[in-house]
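The chain contents come next:
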Amino acid sequence: EQPIFSTRAHVFQIDPNTKKNWVPTSKHAVTVSYFYDSTRNVYRIISLDGSKAIINSTITPNMTFTKTSQKFGQWADSRANTVYGLGFSSEHHLSKFAEKFQEFKEAARLAKEKSHEKMELTSTPSQESAGGDIQSPLTPESINGTDDERATPEVTQNSETRAEPTQNALPFTHSSTISKHWEAELATLKGNNAKLTAALLESTANVKQWKQQLAAYQEEAERLHKRVTELECVSSQANAVHTHKTELNQTIQELESTLKKKEEEIEGLKQEIDNARELQAQRDSLSQKLQEVEIRNKDLEGQLADLEQRLEKSQNEQEAFRNNLKTLLEILDGKIFELTELRDNLAKLIECS
């Protein structure tokens, strides 16, 4: 497969439980590419987040890419039984991706039609049966069904809901996600710490046992050296002593080799102890970070409550101002009406005089 078009976008999938909400599958914008498989003559949309494939969708003629806003689009994949959503940085990138989707969808349709025509031309009727009846030709479609029959879209109406991830609850959901992440990390470190503590205790017991064995080996070696010296003093038993000395030297070499292996094992245990201490320090650091996140969440909740109180107070003040203004308008209307009557009376007096 070869990439033929690439862009960057935030990747979402429809929630399999509610079929309404979008679930982000990438923490940041990732590369989304169209691939063409020349051997199978198919087009696919693939996106990787590190080494994990978060999109692997084969384009079929019955797929439709829908723009639900200026920067967001979606399509349903019946084979993966999900709906993918992409959030782009601009409307231009969304339009370019939609054009390529339509282009490769049409190419997939033409390739499928050519494949069907080729299969119809190559399919031949089978031989006549013994009774003279002609068997009907067998094609891959009649045995296994066509690609459309094998991959009938089963996307429900809820899957087609044009939902977009809102931005109002991002700070709180982000802090909640961070808290859950640190809690999971802390639980993992606690489990690792318990395992390392058990291994440390076992290693300490083994070290004590090996030290005792080492002291016994050293005493045995000293005794053997003394024995060799005594045997060398006996000249009449020189040959036997020489043979015995050779055996004792071999035994000493084996003991020294065993001692060296035990020392290497002790060094390895010391390194494991150092690693356990480092993990303990990391656990303490993560605990501190988790406490800081909890304190920050409490501060945000307090700020939210304060803002709600201030908003309610402002609304009450505006309501009181409206009532006072309405009262003043009523008084002003009465005064205007009295002035109008006074003017009319004055005008009548002037006419009479």
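Residues numbered from 1 in each chain as written. Predicted model: local features only at pLDDT ≥ 70, side-chain atom pairs only at ≥ 80, totals over all residues. Heavy atoms only, no water.

**Q** What should I look at first to understand the overall build of the protein in this one?
**A** Helix and strand content of the protein: 5 helices and 8 strands. Helices (α) and strands (β) of the protein occur, in sequence order from the N terminus, as β-β-β-β-β-β-β-β-α-α-α-α-α. Burial statistics for the protein: of 353 residues in total, 24% are counted as buried. Excluding contacts between residues fewer than 6 apart, the proportion of contacts in the protein whose partners are at least 24 apart in sequence is 57%. (Helix = DSSP H or I, 4+ residues; strand = E, 2+ residues; numbered from the N terminus. Buried < 20%, exposed > 50% of the residue type's maximum accessible area, 1.4 Å probe, protein only. Contact = heavy atoms within 4.5 Å.)

**Q** I keep staring at the pattern of salt bridges and nothing clicks. Help me out?
**A** Side-chain pairs of opposite charge can arise where the charged atoms are in close proximity. As enumerated under the stated definition, the model contains 7 salt bridges in all. With a shortest N-O distance of 3.8 Å, K100 and E103 are connected by a salt bridge. Of the two residues, K100 and E103 are both situated in helix α1 (residues 91–122); the distance of 3 residues between them amounts to about one turn of the helix. For K100, a relative accessible area of 19% translates into the label buried. With a closest N to O distance of 2.6 Å, E220 and R223 form a salt bridge. Highlighted residues: E220 and R223, both in helix α4 (residues 170–233), separated by 3 residues, approximately one helical turn. The network of salt bridges with shared partners includes E106, R109 and E113. (Salt bridge = Lys/Arg side-chain N within 4 Å of Asp/Glu carboxyl O.)

**Q** Where do I start with unusual backbone geometry in this structure?
**A** Excluding glycine, residues mostly have negative phi values, and the peptide bonds linking residues are mostly trans. The backbone phi angle of K19 is positive, close to 60°, even though this residue is not glycine. The topology assignment puts K19 in the loop between β1 (2–14) and β2 (22–24). Accessibility expressed as a relative area gives 17% for K19, which makes it buried. Positioned with a positive phi, N41 is a non-glycine residue whose angle comes to about 60°.

**Q** How should a nonpolar patch on the surface be read in this particular structure?
**A** Side chains of F321, L325, L329, L332 and I336 sit close together on the surface and give an oily, nonpolar patch of about 500 Å² of accessible area. Its location among the elements puts L332 in helix α5 (residues 238–352). (Patch = residues over 30% accessible without salt bridge, like charges linked within 9 Å, V, L, I, M, F, W, Y side chains within 5 Å. Areas by Shrake-Rupley, 256 points an atom, 1.4 Å probe, with all protein chains shown as cover.)

**Q** Hey, could you run me through empty space enclosed by the protein in this one?
**A** Vacant regions in the atomic arrangement are exposed by a probe of water-molecule size rolled over the atoms. Per the stated rule, a full pass over the model turns up 1 cavity of 30 Å³ or more. As a volume, the largest cavity reaches approximately 30 Å³. Lining the largest cavity we find W210, K211, L214, L259, K262, E263 and I266. Secondary-structure elements contributing two or more residues to the lining of the largest cavity are α4 and α5. Here the element with the most residues in the lining of the largest cavity is α5; it accounts for 4 residues. Along the lines of polarity and charge, the residues of the lining of the largest cavity split into 4 nonpolar, no polar and 3 charged. (1 Å grid on protein atoms, 1.4 Å probe; cavity = no way out; pocket = protein on both sides within 12 Å on 5 of 7 lines; lining within 4 Å. Points joined across faces, edges and corners; volume = space filled by probe spheres on them. Nonpolar A, V, L, I, M, F, W, Y, C, P; charged D, E, K, R; others polar.)

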